[in-house]
Amino acid sequence: MPRFAANLAYLFTERPLIERFDAAAAAGFKAVELQFPYDHAPSAVKAELDRHGLTMLGLNTAPGQRASSQHASGQLASGEFGVAAIPGREQEFAALFKQALDYVTAIGGCQIHCLAGKVPPEQRPAAEKVFIGNLARAADLAAEKGITLLIEPINPRDRPDYFLTRAEHAADIIAKVERGNLRIQFDFYHAQIVGGDLIHRLEKFLPVIGHLQCAAVPSRHEPDEGEVNYREVFAAVDRLGYRGWIGAEYRPRFGTEEGLGWAQPYGVTPR
């Protein structure tokens, strides 16, 4: 049966971040993921994870020094979205990655999503070389701590000019980096908007997929509406033998708890 994790940058956001761990556990989630928790001491986050017996998955590298402010939810409001593929900012990425690696290690997580950043078309050939070099160095450091790196294709409608938009490109990058702890974060929401054919592409790229995420298309609400038949997608996830977690990364239509009926058949039930 598929296992679902709560993305605490999207779910339970009517509460301060530290209170969301309790809410996630009370709702029946056994694992959580974060985006940008850096305003909170790792010790405070670790204490909540331990208190509620939650598995900690991953977080994102910080968006960059030129990013704008964040929403209270922990989501980035606007501006930059990473620097890993931006020429000339390799030192900045190294610093942001060290911050993420130190943090995720301190809280007992296992994954870091390396944000590529926005790159105009004329810079893309140079950006690919930078991205590959940065990821190779980061993967070597992460391997020493048993951490997996993730790169995520993100649709250009939501994030114009983001460097990585297609799973095919992500798989090619992974092949060029040649590190066993670099994998794709395959978000069905983004993948449907850019290419569709979800079950076929899931099967094709499963050997290099390290994490899955879901949300309805086009609304990005609970995965029980819209153009994706998630009942069949989740059945395929199970049939194909994926044993990782699926991050619930959607914007609730109303309150988080009110919309969790979709997850109850998969064992996410209130305690």
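Residues numbered from 1 in each chain as written. Predicted model: local features only at pLDDT ≥ 70, side-chain atom pairs only at ≥ 80, totals over all residues. Heavy atoms only, no water.

A. Region of interest: the sheet that holds strand β5 (residues 111-113). Within the open sheet, the nine strands sit side by side as β3-β2-β1-β9-β8-β7-β6-β5-β4. Their pairing is parallel. Lying at the two open borders of the sheet, with one neighbouring strand each, are β3 (55-56) and β4 (58-60). Inspection of the sheet shows β5 paired to strand β6 (residues 148-151) by three bridges, in the parallel sense. Along β6, the bridge assignment pairs Q111 with T148. (Pairing = 2+ DSSP bridges. Helix = DSSP H or I, 4+ residues; strand = E, 2+ residues; numbered from the N terminus.)

B. Structural context of the packing of aromatic side chains. Applying the stated rule across the entire model yields 15 aromatic pairs. Measuring from centroid to centroid gives 5.9 Å for Y250 and W262, while their planes differ by 80 degrees, and the two rings are edge-to-face. Residue Y250 is located in the segment after β9 (245-248), and its partner W262 is located in the segment after β9; the two are separated by twelve residues in the primary sequence. A relative accessible area of 0% means that Y250 is categorised as buried. A relative accessible area of 8% places W262 in the buried class. In this structure an aromatic cluster arises from ring pairing among F4, F186, F188, Y230, F234, Y250, W262 and Y266. The positively charged end of R3 is found above the aromatic ring belonging to W245, 4.1 Å away from the centroid. Note that R159 overlies the ring of F81, its terminal NZ or CZ placed 3.9 Å from the centroid. (Phe/Tyr/Trp six-rings, centres within 6.5 Å; stacked < 30°, edge-to-face > 60°. Buried < 20%, exposed > 50% of the residue type's maximum accessible area, 1.4 Å probe, protein only. Lys NZ or Arg CZ within 6 Å of the ring centre and 35° of its normal.)

C. Structural detail: helix α5 (residues 167-177). All buried positions along α5 are accounted for by A167, A170, A171, I173, I174 and V177. The buried side chains of α5 occupy one side of the element, clustering within an arc of 160 degrees when seen end-on. Each element contacted by the buried residues of α5 is listed here: α4 (124-144), β6, β7 (182-187) and α7 (198-205). E178 lies just past α5 and shows a positive phi near 60 degrees. (Arc of directions from axis to C-beta. Contact = heavy atoms within 4.5 Å.)

D. Structural view of the packing of α4 against α5. Contact geometry of α4 with α5 gives a least axis separation of 9 Å together with a crossing angle of 55 degrees. On the basis of the axis angle, α4 is oblique to α5. For the pair α4 and α5, the crossing hand works out as right-handed. Seen from α4, the contacting residues are E128, F131, I132, L135 and A136; seen from α5, they are H169, D172, I173, K176 and V177. (Axes fitted to C-alpha atoms, helices over the stretch in contact; angles between N-to-C directions. Parallel < 35°, antiparallel > 145°, perpendicular 65-115°, else oblique. Left-handed = near helix turned anticlockwise from the far one by under 90°.)

E. Inspection of α7 at higher detail. Looking at α7, one finds that the buried residues are L198, R201, L202 and F205. What you see down the axis of α7 is that its buried residues fit within an arc of 105 degrees, all on one side.

F. Layout of the environment of E90. By the secondary structure assignment, E90 is in helix α3 (residues 90-107). Overall, the relative accessible area of 29% leaves E90 in the partly exposed class. Distance from E90 to F186, taken between C-alpha atoms, is 25 Å for residues 96 residues apart in sequence. Those residues in contact with E90, other than ones at most four positions away along the chain, are V130, N134 and R137. Separated by 3.2 Å, the side chain of E90 and the backbone nitrogen of G88 make a polar contact. (Polar contact = N/O pair within 3.5 Å; in protein donor to acceptor, adjacent residues only side chain to side chain.)

G. Structural view of the pairing of strand β1 (residues 3-7). Among the five residues in β1, four count as buried, and that is most of the element. As paired elements, β1 and β9 share four bridges and run parallel to each other. Within β9, the position partnered with F4 by the bridge is I246. Both β1 and strand β2 (residues 31-33) contribute to a ladder of two bridges, which runs parallel. Considered in β2, the bridge of A6 is made with V32. Following the backbone out of β1, through helix α1 (residues 17-27) and into the adjacent parallel β2, one traces a crossover that is right-handed. (Right-handed = clockwise from strand over helix to strand, strands pointing away.)

Everything listed here is a matter of coordinates, which is why it stays silent on function.
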